[in-house]
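# Summary of the model geometry
These are the residues of each chain, in order.
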Amino acid sequence: MATANSVPRELNWVEKRAACSARQIFAELVRGIDNDVATINAVKKIPESQRFTAEMLSDDSTLVVGQIGIPSRTRIKIGIVGDRIETSGGSDQPSLSASVTLNNEGRCMLKLEDGTELEQWQFRKKALQKLFFGDEG
């Protein structure tokens, strides 16, 4: 919910919305995921032969996150499909589909099909938590 203090009195919403594109948000998600992967490898002290990686496919619209050196490893794909950002993985992995929107506070957000608005870190958490932590959390 927007409060009076979180809504700007004036905002060039047209300029902000034009900059709020699936391509731009995807590029920012990729940078965030690269940081998430480096952090999980360091925090869990994962051996080099089993570390998590994030690799961009040759089409530059899909990022694959998974562990190397693990037979039957689960991989999560995060990519642009039309004007949406979508995830897919194994049968036990939730898939996400989000549009990009400028919310009433003037922030570029990911919006799930049920209307839930997510910050980028929240979207990354939903996409990667089970991969990184199993059934924890």
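Every chain is numbered on its own, with residues counted from 1 as its sequence reads. Totals for whole chains, interfaces and linings use every residue, but because this is a predicted model, local features are given only for residues with pLDDT of at least 70 and side-chain atom pairs only at 80 or more, for both listing and counting. Note: side-chain values were computed over all heavy atoms of the structure, leaving out hydrogens and water.

### Some thoughts on the pairing of strand β5 (residues 97-102)
Summary of the burial criterion: residues with accessible area below 20% of their type's maximum are buried, those above 50% are exposed, and those between are partly exposed, where the area comes from a 1.4 Å probe applied to protein chains only. A helix here means a DSSP run of H or I that spans at least four residues, while a strand means a run of E at least two residues long, and both kinds are numbered starting from the N terminus. Among the six residues in β5, six count as buried, and that is most of the element. Neither face of β5 is exposed, since Ser97, Ser99 and Thr101 on one face and Ala98, Val100 and Leu102 on the opposite face are all buried. For two strands to be treated as a pair, DSSP must find no fewer than two bridges joining them. Two elements, strand β4 (residues 84-88) and β5, share three bridges in a ladder whose sense is antiparallel. If you follow isoleucine 85 over to β5, its bridge partner there is alanine 98.

### A closer look at the state of the cysteines
Defined by distance alone, a disulfide is two cysteine sulfur atoms within 2.5 Å. Per the counting criterion, the structure on display carries one disulfide. Two residues share a disulfide in this structure: cysteine 20 and cysteine 108, whose sulfurs sit 1.9 Å from each other. Sign of the S-S torsion, about 85 degrees for the bond between cysteine 20 and cysteine 108, identifies this disulfide as right-handed. Here the residue cysteine 20 occupies a position in the loop between α1 (13-19) and α2 (22-43), and cysteine 108 occupies one in strand β6 (residues 108-112), the gap between them amounting to 88 residues.

### A closer look at the pattern of salt bridges
Just to be clear on terms, a salt bridge is a Lys or Arg side-chain nitrogen sitting within 4 Å of an Asp or Glu carboxyl oxygen. What the rule picks out here adds up to three salt bridges. In this structure, the salt-bridge partner of glutamate 119 is arginine 107, at a minimum N-O distance of 2.4 Å. Of this pair, glutamate 119 sits in the loop between β7 (117-118) and α3 (120-133) while arginine 107 sits in the loop between β5 and β6, and the two are twelve residues apart along the sequence. With a relative accessible area of 26%, glutamate 119 lands in the partly exposed category.

### Overview of the pairing of strand β1 (residues 52-56)
Residues in a regular strand project their side chains so that they alternate between the two faces of the sheet. Strand direction decides the pairing type here: β1 and strand β2 (residues 62-67), joined by five bridges, are antiparallel. Its bridge partner lying in β2, phenylalanine 52 is registered against glutamine 67. Connecting β1 to the antiparallel partner β2 that follows it, the hairpin turn spans five residues, and aspartate 60 within it adopts a positive phi of roughly 60 degrees.

### Quick notes on the packing of aromatic side chains
Pairing of aromatic side chains requires ring centres within 6.5 Å, counting the rings of Phe and Tyr and the six-membered ring of Trp. Pairs whose planes differ by under 30 degrees are stacked, by over 60 edge-to-face, and all others tilted. Within this structure, the stated rule accounts for one aromatic pair. With a centroid separation of 4.9 Å and 70 degrees between ring planes, the pair formed by phenylalanine 52 and phenylalanine 132 is classed as edge-to-face. In this pair, phenylalanine 52 sits in strand β1 while phenylalanine 132 sits in helix α3, placing the two residues 80 residues apart along the sequence. Phenylalanine 132 matches phenylalanine 52 in its accessibility class, with the two residues each being buried.

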